[in-house]
Amino acid sequence: MIKNKVVLITGASSGIGAAIAQELSKAGSKVVLGARRADRLEQLAASLPGEVLVHPVDVTDRDAMRRFANAARARFGAVDVIVNNAGLMPLSRVDALKFDEWDRMIDVNIRGVLNGVAAVLPEMVTAGKGQIINIASIASLHVFPMATVYCATKYAVHAICEGLRQEHNNLRISCIYPGVVESELAEHITDPEAIEAMRLFRQTALKPAAIARAVRYAIDQPDDVDVNDIVVRPTAAT
C-alpha cells in the first residue's frame with residue numbers, strides 16, 4: 001500500500017522527520033522533504049534509496065507551504081500523504097512569561113499544521129482520497145508542569161485531527177502521539193528549571209525510528225482502513 005505513494009514531510013531535517021523520510025523511502029515511497037535547513041535536507045536526500053525531492057519551507061508561511069505542495073505535484077503528479085511533523089518545544093512555567101517562545105510555538109505547532117492541511121486538503125477533497133498525518137505528542141493527552149503552553153498547542157493538534165476525521169469521511173486522518181523521543185526538541189528550551197526537568201525526563205527515551213515505524217504502519221493500510229490514533233511510549237515509561 002505504501003509503495004510509490006507521494007509523501008510530504010515537514011520538519012524533515014532532523015529527528016523524527018528525518019527518520020520518517022528514511023523509513024518511507026526504504027519502503028518505496030516518493031518523499032518530499034521540507035524544513036528550513038536546506039543543507040540538512042540535501043544531506044538526508046543523498047542518503048535515501050528512493051525518489052526524493054528537497055524543497056526548503058517555513059511551515060508558518062502559508063504561501064510557502066502551498067508552494068511546497070505544488071512542487072510535489074509538479075514533480076510527481078499528486079500528493080497522497082502529508083506528515084505534519086515540524087514542531088517546537090521551549091518548555092517553561094507560565095509565570096516565566098516567555099512571550100516570544102509562546103508565540104513561536106503557536107505559530108509552528110498550530111498554524112504550521114493548519115498550513116500543511118490547507119496545502120493539500122482541496123486536492124484530496126476533489127480526488128476523494130488522501131491521508132493527513134499529524135505528529136502530536138503525549139502532551140496532547142496529558143498536561144505536564146512547565147509544559148502548559150506546549151501542551152495547549154499539542155491539544156490543538158489533537159482537535160484538528162479529530163475535527164478533520166469527522167468532516168471528511170473519505171479521507172484518512174491519523175494522529176501519532178510520541179512519548180519521550182531523542183531529538184533536537186529539547187535544544188529549544190532556555191529555562192534552566194525546564195532544562196533540568198527534561199534531562200531527567202529523557203533518561204528513558206525512544207529512538208526517532210520508533211515513531212517512523214508508526215507512521216509507516218498508518219500509511220501502509222488499505223484505503224478503507226483509517227488508523228486514527230497511535231500512542232508510542234518507551235516500555236519503561238510510567
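Before any of the text, the structure's been laid out above.
This text gives an overview of the structure that appears in the document.

**Section: the packing of helix α1 (residues 15–26) against helix α7 (residues 208–219)**
So, step 1. At a minimum axis distance of 8 Å, the contact between α1 and α7 shows a crossing angle of 50 degrees. As the angle between them shows, α1 and α7 are arranged oblique. Here α1 runs over α7; the crossing is right-handed. On the side of α1, the interface is formed by Gly15, Ile16, Ala19, Ile20, Glu23 and Leu24, while α7 contributes Pro208, Ala209, Ile211, Ala212, Arg213, Val215, Arg216 and Ile219.
So, step 2. When grouped by side-chain class, the residues that make up the contact of α1 with α7 number ten nonpolar, one polar and three charged.

**What about the side chain of Ser140?**
So, step 1. Within the secondary structure layout, Ser140 lies in the loop between β5 (131–135) and α5 (148–167).
So, step 2. A relative accessible area of 3% places Ser140 in the buried class.
So, step 3. In this structure Ser140 touches Lys154, Tyr155, His158 and Tyr177, once residues within four positions along its chain are discounted.

**Focus on unusual backbone geometry**
The phi torsion of most residues other than glycine is negative, and most of the peptide bonds are trans.
So, step 1. Residue Asn4 is not a glycine yet carries a positive backbone phi of 70 degrees.
So, step 2. Counting through the fold element by element, Asn4 comes out in the segment before β1 (6–9).
So, step 3. A relative accessible area of 44% means that Asn4 is categorised as partly exposed.
So, step 4. Backbone geometry at Met146 places phi at a positive 70 degrees, although glycine is not the residue there.

**A word on the sheet that holds β5**
So, step 1. With parallel pairing, the seven strands of this open sheet are ordered in space as β3-β2-β1-β4-β5-β6-β7. Either end of the sheet is taken by a strand with one partner, and the two such strands are β3 (52–54) and β7 (229–232). Across the sheet, the mean angle separating the axes of adjacent strands is 15 degrees when strand polarity is ignored.
So, step 2. Here strand β6 (residues 172–178) runs beside β7; their pairing, made up of four bridges, is parallel. Residue pairing across strands places Tyr177 opposite Val231, the latter belonging to β7.

**Notes on the nonpolar core**
So, step 1. Counting residues in hydrophobic clusters, the biggest one holds 46 residues, and the most contacted among them are Leu8, Val32, Met65, Leu91, Val120, Ile132 and Leu164.
So, step 2. For this core, the secondary structure elements donating two or more residues are β1, α3 (62–76), α4 (99–127), α5, β6 and α6 (192–201).
So, step 3. Counting residues per element, this core draws most heavily on α4, at nine residues.
So, step 4. Ala35, Ala212, Ala214 and Val232 belong to the second largest nonpolar core, which has 37 residues in total.

**Overview of α5**
Since the α-helix advances by 3.6 residues per turn, residues separated by three or four positions end up pointing in the same direction.
So, step 1. Between the first and last C-alpha of α5 there are 28 Å, a value that for 20 residues agrees with the 28 Å anticipated at 1.5 Å per step.
So, step 2. All of the buried residues in α5 are Tyr150, Cys151, Thr153, Lys154, Ala156, Val157, Ile160, Cys161 and Leu164.
So, step 3. Buried residues in α5 make contact with α4, β5 and β6.

How each quantity is defined
- Residues numbered from 1 in each chain as written.
- Predicted model: local features only at pLDDT ≥ 70, side-chain atom pairs only at ≥ 80, totals over all residues.
- Heavy atoms only, no water.
- Axes fitted to C-alpha atoms, helices over the stretch in contact; angles between N-to-C directions.
- Helix = DSSP H or I, 4+ residues; strand = E, 2+ residues; numbered from the N terminus.
- Parallel < 35°, antiparallel > 145°, perpendicular 65-115°, else oblique.
- Left-handed = near helix turned anticlockwise from the far one by under 90°.
- Contact = heavy atoms within 4.5 Å.
- Nonpolar A, V, L, I, M, F, W, Y, C, P; charged D, E, K, R; others polar.
- Buried < 20%, exposed > 50% of the residue type's maximum accessible area, 1.4 Å probe, protein only.
- Pairing = 2+ DSSP bridges.
- Core = buried A, V, L, I, M, F, W, Y, C linked by side-chain atoms within 4.5 Å.
- Expected span 1.5 Å × (residues − 1).

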